[in-house]
Protein chains: 6
Amino acid sequence: MKIAIFRKANFNAAHRLYNPDWTHDKNLEVFGVCTSPNFHGHNYDLVVKVVGEIDPETGMVINLKDLSRMIKDYVEDRFDHKNLNLDVEDFRTLNPTAENICFVIWNILREQLDEKYELTIRLYETPRNFVEYPA
Amino acid sequence: MKIAIFRKANFNAAHRLYNPDWTHDKNLEVFGVCTSPNFHGHNYDLVVKVVGEIDPETGMVINLKDLSRMIKDYVEDRFDHKNLNLDVEDFRTLNPTAENICFVIWNILREQLDEKYELTIRLYETPRNFVEYPA
Amino acid sequence: MKIAIFRKANFNAAHRLYNPDWTHDKNLEVFGVCTSPNFHGHNYDLVVKVVGEIDPETGMVINLKDLSRMIKDYVEDRFDHKNLNLDVEDFRTLNPTAENICFVIWNILREQLDEKYELTIRLYETPRNFVEYPA
Amino acid sequence: MKIAIFRKANFNAAHRLYNPDWTHDKNLEVFGVCTSPNFHGHNYDLVVKVVGEIDPETGMVINLKDLSRMIKDYVEDRFDHKNLNLDVEDFRTLNPTAENICFVIWNILREQLDEKYELTIRLYETPRNFVEYPA
Amino acid sequence: MKIAIFRKANFNAAHRLYNPDWTHDKNLEVFGVCTSPNFHGHNYDLVVKVVGEIDPETGMVINLKDLSRMIKDYVEDRFDHKNLNLDVEDFRTLNPTAENICFVIWNILREQLDEKYELTIRLYETPRNFVEYPA
Amino acid sequence: MKIAIFRKANFNAAHRLYNPDWTHDKNLEVFGVCTSPNFHGHNYDLVVKVVGEIDPETGMVINLKDLSRMIKDYVEDRFDHKNLNLDVEDFRTLNPTAENICFVIWNILREQLDEKYELTIRLYETPRNFVEYPA
């Protein structure tokens, strides 16, 4: 009797898409304005989905206070008001596409979350572009 | 060739989270302000997902007029402008967490819906906290 | 050169509409299900609008950190996860309609806000019903 | 290591629901006001979901510029500001219910999209009524 | 001590923009795809704003039940699931632009609403294009 | 008989808040994380409001095709996927707070727009923080 619980969070960050093995022209051809050298930015919206059994004592899958705190401590505080390329260790050698950011967040939270839960991360780069891992 | 159809509905209700087997302090520790004794409330948004085959005569999985009527008669009329803890039979002995409300609604509609359809319920307690059954 | 700055906030509360000078039938006739005796509730969304001059040193009308803190301390902490009729002094003798809640919040914040600013409060009881003071 | 990428698009179109094998009364009974003879219309919102592996060179599942272009060329240009029943070949003999429009769009894009990707289409007829194929 | 109350409503309709005094080419030049001959359509969202004093007996500016009923009877029933150009008297000789629809709705409701209230109509043709009368 | 027409647009940009006349500590005290040295960013949403008379020939206040083009050419192309502090002339010596960005956009469009129209700009930095000029 598995049920999913979802919690929304958000962070505002700067980034640029860039592959250091490519010429500027190749980067521009593939990434368009997203490779603009001085960065641009987004209001990222995050939806964390946790699947598990309802605990009959609490009526909850996981205590939202704990989940919110975990998202704040391990994701928001690390990414919010940061330059993903320059300030965040995880993107020193990894291109901060929505796909890669989503995957990095999944790995960060997977490590914190009790293994009895399944975890899915949805990340909105804009209201029109978003990704989800695992698919 | 299965397709899903979704219908949104909503109800406004009061509730509190509370486990009668626990002390007040234990309730406060687990549920925080959600256990506030005189109740608080939410605009609950409900998304009913029905999966089935397209009927070639109508081009529909299920007639939305019938589905909307079912949601109104069996969910909205039962929960809207009610105190879930005091006014709704289902929560006399069941803690009205989002998880439990979602599960109760699933059971109510499952009984009404032709068994050829699969049913999933998503319930938003706030735009940032929501649940889905089955996961 | 006046500019407006807006800050959204929210609180979840229970309430009922009720005039103690009226019979139950009269209350039911005027307020419908909103007078339901055991309360119902809403996710109230609040938009605080402050109008003033841009301070050339900061580029701001008012520091959002200060405004957010004021809204949290004087509105959210007072109304969130409360029963407006039973727990909030302001509604002991005042019917907690959206209009009256909006007017009460305006008075609370007006007292805190430097008089050089103009103040307008918009309050959403649901996404479809909302009020604004002053008009 | 599959990840999903989503892209939102939209088109504004007129339609009516109608089964030519039925009497007017039967159409009215099943489709209600949706069979109104002179058409009505909607702002259709479309969410295209593509599942695949992240390309390590780009950090992307699919280049959004290519996906957006495909949606524009094959869906938006074909459906936007059109009368689905009269102007769009696909609905000459197919009732333009949300279910059928969704299925038609899936077929159109499935043909364009590299077969290494999985494809899902969600179509909103209104914010309260939407469908998804495959379920 | 004036306060504003807002009520959202909606209707789904077909229309086309067209000036009968112009050639097809002139219509196309001015209205673009919006003059497409077989019509297209929209989910129109309507926000009715009524300004007045709070009645101390009810705590309300106007009873929302009465306002909702008025909007349903005089606007939604007249425009919903209609072809504005063909089915609605008001647009027999008036081009159904968002501006004109908004002005027509204002006139309809102005006639129904007690003259002690001020009335403003906001009409969304899409989430990105909307109008308001009076300005 | 003035009516308002609104058009939404958006741009994604990086920025930081910073007063060069202040110490780092003073900047941190006033702007908090918004002064983070390597920039952060936002999905800025823009609402352009134009007030005028309805042209009886077109039924429009202003042709939306012209207004959209003006916003694209003079605002979106200038600000989208840019670093406001480094790439945009207007903010070389002006702190890119929401207030100042809004005022700069108003000036840019005021110069392009026929003087018979009134112009108001609303700028969302996030869904919870926004500004409007003139107030």
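Each residue is numbered by its place in its chain's sequence as written, counting from 1. Chain A is the first chain written and ligand 1 is the first ligand written, with later ones labelled in order. Reporting in this predicted model follows two pLDDT cut-offs: at least 70 for local features of residues, and 80 or more for side-chain atom pairs to be given and counted; totals over whole chains, interfaces and linings ignore these cut-offs and use all residues. Note that water and hydrogens are dropped before the side-chain values are worked out from all heavy atoms of the structure.

K.L.:
Talk me through the overall build of chain A; I want residue IDs and the actual numbers.
P.N.:
Numbering goes from the N terminus for both helices and strands, where a helix is a DSSP run of H or I of at least four residues and a strand is a run of E of at least two. Looking only at helices and strands, one finds 4 helices and 5 strands in chain A. For chain A, the α and β elements follow one another from N to C terminus as β-α-β-α-β-α-α-β-β. Taken over the C-alpha atoms alone, chain A extends approximately 60 × 25 × 25 Å along its principal axes. In this scheme, a residue with accessible area under 20% of its type's maximum is buried, one over 50% is exposed, and one in between is partly exposed, where area comes from a 1.4 Å probe on protein chains only. Looking at chain A as a whole, 61% of its 135 residues are labelled buried. Only heavy atoms enter the contact rule, under which two residues are in contact if any of them lie within 4.5 Å. For chain A, contacts bridging at least 24 residues in sequence account for 66% of all contacts bridging at least 6.

K.L.:
How would you summarise the packing of aromatic side chains if you had to cite specific residues and measurements?
P.N.:
Each Phe, Tyr or Trp ring, with Trp reduced to its six-membered ring, pairs with another whose centre is within 6.5 Å; inter-plane angles below 30 degrees give stacked pairs, above 60 give edge-to-face pairs, and intermediate values give tilted ones. Evaluated as defined, the whole model comprises 48 aromatic pairs over all chains. Between the aromatic rings of Phe-11 of chain A and Tyr-44 of chain A, the centroid separation amounts to 5.0 Å while the plane-to-plane angle is 20°, which identifies the pairing as stacked. Taken together, the residues Phe-11 of chain A in strand β1 (residues 2–15) and Tyr-44 of chain A in strand β2 (residues 40–53) connect sequence positions 33 residues apart. Looking at Tyr-44 of chain A, the relative accessible area reads 0%, which means it is buried. Between Phe-130 of chain C and Phe-6 of chain E, the ring centres sit 4.6 Å apart and the planes meet at 10°, which makes this aromatic pair stacked. Within this pair, whereas Phe-130 of chain C is found in strand β5 (residues 129–133), its partner Phe-6 of chain E is found in strand β1 (residues 2–15), the two belonging to separate chains. Neither residue differs from the other here; Phe-130 of chain C and Phe-6 of chain E are each classed as buried. Through pairs of rings, three or more aromatic residues link up here, namely Phe-11, Tyr-44, Phe-79 and Phe-91 of chain A. Our definition puts a charge over a ring when NZ of Lys or CZ of Arg is within 6 Å of the ring centre and also within 35 degrees of the ring normal. Lys-26 of chain B extends its terminal NZ or CZ atom over the ring of Trp-22 of chain B, reaching a point 5.1 Å from the ring centre.

K.L.:
Can you explain the relation of the copies chain B and chain C? Please cite residues and give values.
P.N.:
The relation between the two chain copies is a rotation about an axis coupled with a shift along that axis. The transform that puts chain B on chain C rotates by 180° and translates by 0.0 Å along the axis, for an RMSD of 0.0 Å. Both chain copies can therefore be described as sitting about a two-fold axis. The fraction of interface residues of chain B whose copies in chain C are also interface residues reaches 100%, indicating that both copies meet through the same surface. Copies overlap after least-squares fitting; the atoms used are the C-alpha atoms of residues with pLDDT of at least 70 in both.

K.L.:
Could you give an account of the interface of chain B and chain C, naming the residues involved and the relevant values?
P.N.:
Facing 19 residues of chain B, the contacting portion of chain C comprises 20 residues. Computed with a 1.4 Å rolling probe, the buried area is the accessible surface lost when two parts are put together, summed over both parts. Here chain B packs against chain C, burying approximately 1,500 Å² in sum over the two surfaces, 51% of which is carbon and sulfur. Contact with chain C buries area across many residues of chain B, yet Asn-38, Asn-43 and His-81 of chain B alone supply 39% of it, more than any other trio. Any Lys or Arg side-chain nitrogen found within 4 Å of a carboxyl oxygen on Asp or Glu counts as a salt bridge. One can count 0 salt bridges joining chain B with chain C.

K.L.:
Now, about the interface of chain F and chain A: what can you tell me, with residues and values included?
P.N.:
On the chain A side, the residues contacting the 20 residues of chain F number 20 residues. Of all residues in chain F, the largest losses of buried area upon contact with chain A belong to Asn-38, Asn-43 and His-81 of chain F, amounting jointly to 40% of the total for that side. At the surface where chain F touches chain A, the tally comes to 0 salt bridges. Here a polar contact is taken to be a pair of N or O atoms separated by no more than 3.5 Å, where protein atoms must pair a possible hydrogen donor with a possible acceptor and residues adjacent in sequence count only if both atoms sit in side chains. Inspection of the chain F/chain A interface yields 15 residue pairs in polar contact (both at pLDDT 80 or more).

K.L.:
Just give me the short version of the pairing of strand β4 (residues 118–126) of chain B, but keep the residues and values in it.
P.N.:
Residues and elements named next belong to chain B. Pairing between two strands is assigned when DSSP locates at least 2 bridges connecting them. When strand β2 (residues 40–53) meets β4, the two strands line up antiparallel, connected through 7 bridges. Residue pairing in the sheet places Leu-46 in a bridge with Leu-123 of β4. Here 5 bridges tie β4 to strand β5 (residues 129–133), and the two strands are oriented antiparallel to one another. By the bridge assignment, Arg-122 is partnered in β5 with Glu-132. Linking β4 back to β5 in an antiparallel pair, the connection comprises 2 residues.

K.L.:
Explain helix α2 (residues 64–79) of chain B to me, and be specific about the residues and the numbers.
P.N.:
Between the first and last C-alpha of α2 of chain B there are 21 Å, a value that for 16 residues agrees with the 22 Å anticipated at 1.5 Å per step. Buried residues belonging to α2 of chain B abut β1 (2–15), β2, β3 (82–83), α3 (84–87) and α4 (98–112) of chain B together with β5 (129–133) of chain D. Regarding α2 of chain B, its N-cap is Asn-63 of chain B, as a side-chain oxygen of that residue lies 3.0 Å from the backbone nitrogen of Lys-65 of chain B further along. Taken from the residues just after α2 of chain B, His-81 of chain B is the one with a positive phi, measuring 55°. Each helix should span, by expectation, one fewer than its residue count multiplied by 1.5 Å.

K.L.:
Any details on the relation of the copies chain F and chain A? Residues and values, ideally.
P.N.:
For the pair chain F and chain A, the superposition axis carries a translation of 0.0 Å, the fit reaches an RMSD of 0.0 Å, and the rotation angle comes to 180°. Most of the interface of chain F is mirrored in chain A, where 100% of its interface residues are also at the interface.

K.L.:
Tell me what's going on with the pattern of salt bridges, and back it up with residues and numbers.
P.N.:
Residue and element names in this part refer to chain B. Across all of its chains, the model carries 30 salt bridges over all chains by this definition. Residues Lys-72 and Asp-77 are paired through a salt bridge, measuring 2.8 Å at the closest nitrogen-oxygen approach. Owing to a relative accessible area of 43%, Asp-77 belongs among the partly exposed residues under this scheme.

K.L.:
I'd love a proper account of a positive patch on the surface, names of residues and values included.
P.N.:
Two joining distances apply to patches: 9 Å for like charges and 5 Å for nonpolar side chains (Val, Leu, Ile, Met, Phe, Trp, Tyr), and every residue must have over 30% relative accessible area and no salt bridge. Using a 1.4 Å probe, accessible areas were evaluated by the Shrake-Rupley method; residue-level cover was limited to the displayed protein chains. Only four residue types enter the tally: Lys and Arg on the positive side, Asp and Glu on the negative side, with His and both chain ends excluded. Lysine's charge is taken at NZ, arginine's at CZ, aspartate's at CG and glutamate's at CD. On the surface, Lys-8 of chain A, Arg-128 of chain B, Lys-8 of chain C together with Arg-128 of chain F cluster together to form a positively charged patch. With respect to the helices and strands, the residue Arg-128 of chain B is situated in the loop between β4 and β5.

K.L.:
Break down the packing of helix α2 (residues 64–79) of chain D against helix α4 (residues 98–112) of chain D for me, with residues and values.
P.N.:
Residues and elements named next belong to chain D. Interaxial distance between α2 and α4 falls to 10 Å at its minimum, and their mutual angle equals 145°. For the pair α2 and α4, the crossing hand works out as right-handed. In this structure, α2 contributes Met-70, Ile-71, Tyr-74, Val-75, Arg-78 and Phe-79 to the contact, and α4 contributes Ile-101, Val-104, Ile-105, Ile-108, Leu-109 and Gln-112. For the contact of α2 with α4, the class distribution of residues is 10 nonpolar, 1 polar and 1 charged. Fitting a line to C-alpha atoms yields each axis, with helices limited to the stretch in contact; the angle taken between N-to-C directions then spans 0 to 180 degrees. Crossings are sorted by hand: turned counterclockwise from the far helix by less than a right angle, the near helix makes the crossing left-handed, and turned clockwise it makes it right-handed. Residue polarity is assigned by list, with Asp, Glu, Lys and Arg as charged and Ala, Val, Leu, Ile, Met, Phe, Trp, Tyr, Cys and Pro as nonpolar; anything else, Gly included, falls into the polar class.

K.L.:
If you had to explain the environment of Pro-56 of chain A to someone new, which residues and values would you point to?
P.N.:
Relative to the assigned elements, Pro-56 of chain A resides in the loop between β2 and α2 (64–79). C-alpha of Pro-56 of chain A to C-alpha of Leu-17 of chain A: the two residues are 39 residues apart in sequence and 46 Å apart in space.

K.L.:
Can you tell me about unusual backbone geometry, naming the residues and giving the values?
P.N.:
The residue after Tyr-133 of chain A, namely Pro-134 of chain A, is reached through a cis peptide bond having omega -5°. Phi is positive for Phe-39 of chain A, close to 75°, though the residue is something other than glycine.

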